[in-house]
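# Breakdown of the fold
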Amino acid sequence: MDWDDLRSFLAIAREGTLSAAARRLGVRQSTMGRRLAALEARAGVRLLERTPRGFRLTAAGEAARAEVERMETAALAAERAVSGRDVRLEGTVRLTTVSDFAPSVLMPALADLADRYPGIVVELIADDRTLSLAAREADLALRLARPRGQSLRGRRIGTVSFGLYASETYLAARSVPAWPGSQGEGHRLILSRDETGAYPELDALAAMAPKAAVALRTDSRVSQLAAARAGLGIAVLGHHVAAGAGLTRIDSPPLPEREIWLVQHEDTRDVPRIRAVADALAARMRAAEPVFAGLDQAPASPEPTSFAGSQSRSNVAESTPP
């Protein structure tokens with residue numbers, strides 16, 4: 001059987017639709033349909049049945065899927081073994097990162113790399129999904145969490161620190177909040193739609209200001225930044241995101257930090273072009289440590305208007321790092 005037909009069958013089984021499977025493999029939807037039909041004709045049995053909610057595996061398809069996944073594992077291992085012996089400092093390196101992570105740091109790193117190694121082309125996959133390095137969906141990944149998996153190799157290359165930010169217009173209308181005494185009363189927050197703990201820094205803001213109103217919920221960091229700039233409310237932003245955005249940093253208790261990890265599969269750790277990209281990214285991220293830490297942005301503190309406000313300000317000053 002043709003391997004492309006088998007890969008297409010596996011993609012449809014995983015994605016549920018021809019269109020999603022086609023996007024995953026980078027082919028036309030009509031091609032996916034032809035490959036599935038060809039595979040089922042050769043096998044003499046139906047492997048997938050169409051339902052109103054998408055394709056569903058038949059009994060024969062369930063049995064076939066397990067075998068095809070074993071073939072996929074072997075094929076990917078062979079591909080990694082071959083690419084691991086590639087000694088050229090040229091070719092494509094696929095880098096995945098969350099959609100809005102540190103463009104002000106990432107792009108200069110890629111510019112330095114292009115000047116030094118013009119034969120290397122970086123394919124940047126800005127996607128909030130966690131792509132599989134084992135399946136060669138990417139060669140390198142910038143992630144804000146320690147990698148999991150025995151075959152993955154990661155190095156910690158920095159730390160993202162967060163702060164509370166709002167526009168001058170917003171703060172002029174509502175004043176700078178005092179923590180923890182005010183509990184956010186009279187203020188509005190920009191939060192995430194995801195309440196499963198995926199954004200601990202946003203959860204910390206919600207816990208810090210239980211009396212505040214929610215002005216907007218969005219999982220997009222770009223939208224959170226734009227909302228804060230528009231005066232919609234107070235947002236938790238990475239200091240590197242807020243730098244140069246014209247926002248005021250608000251004094252607050254420390255917020256949870258995120259580690260920056262650069263991850264790759266162990267089978268490609270010695271590929272020169274991948275190593276060159278990894279080293280360039282690591283060097284630039286480490287050099288940008290003051291930006292990630294927000295050391296160039298002094299927070300604004302509230303003016304004490306009462307004993308409670310003054311006490312809150314004192315507590316913040318003692319618990320907030322310089």
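Below, the structure is looked at part by part. Quantities reported herein were computed from a predicted structural model and do not represent experimental measurements.

### Quick notes on the sheet that holds strand β11 (residues 248-250)
Spatially, 5 strands are ordered β9-β8-β10-β7-β11 in an open sheet, and the strand pairing comes out mixed. A single partner strand is all that each edge strand has here, and the edge strands are β9 (213-217) and β11. On average, each strand axis in the sheet is tilted by 40° relative to the strand beside it, whichever way the strands run. Sheet analysis places strand β7 (residues 162-166) next to β11, joined by 3 bridges and oriented antiparallel. Across the sheet, Y165 pairs through a bridge with R249, a residue of β11. Set on the sheet, helix α7 (residues 200-208) makes contact with β7, β8 (188-191) and β10 (234-238); between it and β8 the angle comes to about 160°. Contacts from helix α8 (residues 221-229) reach β7, β8, β9 and β10, with the element oriented near 130° to β10.

### A short note on helix α3 (residues 29-43)
A rise of 1.5 Å per residue sets the reference length of α3, with its 15 residues, at 21 Å; its end C-alpha atoms lie 21 Å apart and thus fit the reference within 8%. Within the span of α3, buried status applies to T31, M32, R35, L36, L39 and E40. The buried residues of α3 all sit within an arc of 160° when viewed along its axis, so they share a single face. In α3, those exposed residues whose orientation departs by more than 90 degrees from the buried face are R34 and A41. Residues of α3 that are buried sit in contact with α1 (3-15), α2 (18-25), β1 (48-51) and β2 (54-57).

### Some points on the side chain of Q264
Looking at the element boundaries, Q264 is found in strand β12 (residues 258-265). Beyond its immediate chain neighbours, meaning those up to four positions away, Q264 contacts L133, D139, L140, S151, L152, R153, R269, I274 and A278.

### Observations concerning the packing of α1 against α2
For the pair α1 and α2, the least separation of the axes is 8 Å and the interaxial angle reads 125°. As the angle between them shows, α1 and α2 are arranged oblique. Between α1 and α2 the crossing geometry is right-handed. From α1, R7, S8, A11, I12 and E15 reach across to α2, where they touch L18, A20, A21, R24 and L25. Each residue belonging to the contact of α1 with α2 can be placed in one class, and the counts come to 6 nonpolar, 1 polar and 3 charged.

### Re the environment of R284
The residue R284 is located in helix α10 (residues 272-287) in this model. Looking at R284, the relative accessible area reads 28%, which means it is partly exposed. Sequence spacing of R284 and I157 is 127 residues, and the spatial spacing of their C-alpha atoms is 9.2 Å. In this view, R284 contacts V105, P108, A109 and D112; residues no more than four positions away in its chain are not counted. A distance of 2.5 Å separates a polar atom in the side chain of R284 from a polar atom in the side chain of D112.

Cut-offs used in this document
- Residues numbered from 1 in each chain as written.
- Predicted model: local features only at pLDDT ≥ 70, side-chain atom pairs only at ≥ 80, totals over all residues.
- Heavy atoms only, no water.
- Pairing = 2+ DSSP bridges.
- Helix = DSSP H or I, 4+ residues; strand = E, 2+ residues; numbered from the N terminus.
- Axes fitted to C-alpha atoms, helices over the stretch in contact; angles between N-to-C directions.
- Contact = heavy atoms within 4.5 Å.
- Expected span 1.5 Å × (residues − 1).
- Buried < 20%, exposed > 50% of the residue type's maximum accessible area, 1.4 Å probe, protein only.
- Arc of directions from axis to C-beta.
- Parallel < 35°, antiparallel > 145°, perpendicular 65-115°, else oblique.
- Left-handed = near helix turned anticlockwise from the far one by under 90°.
- Nonpolar A, V, L, I, M, F, W, Y, C, P; charged D, E, K, R; others polar.
- Polar contact = N/O pair within 3.5 Å; in protein donor to acceptor, adjacent residues only side chain to side chain.

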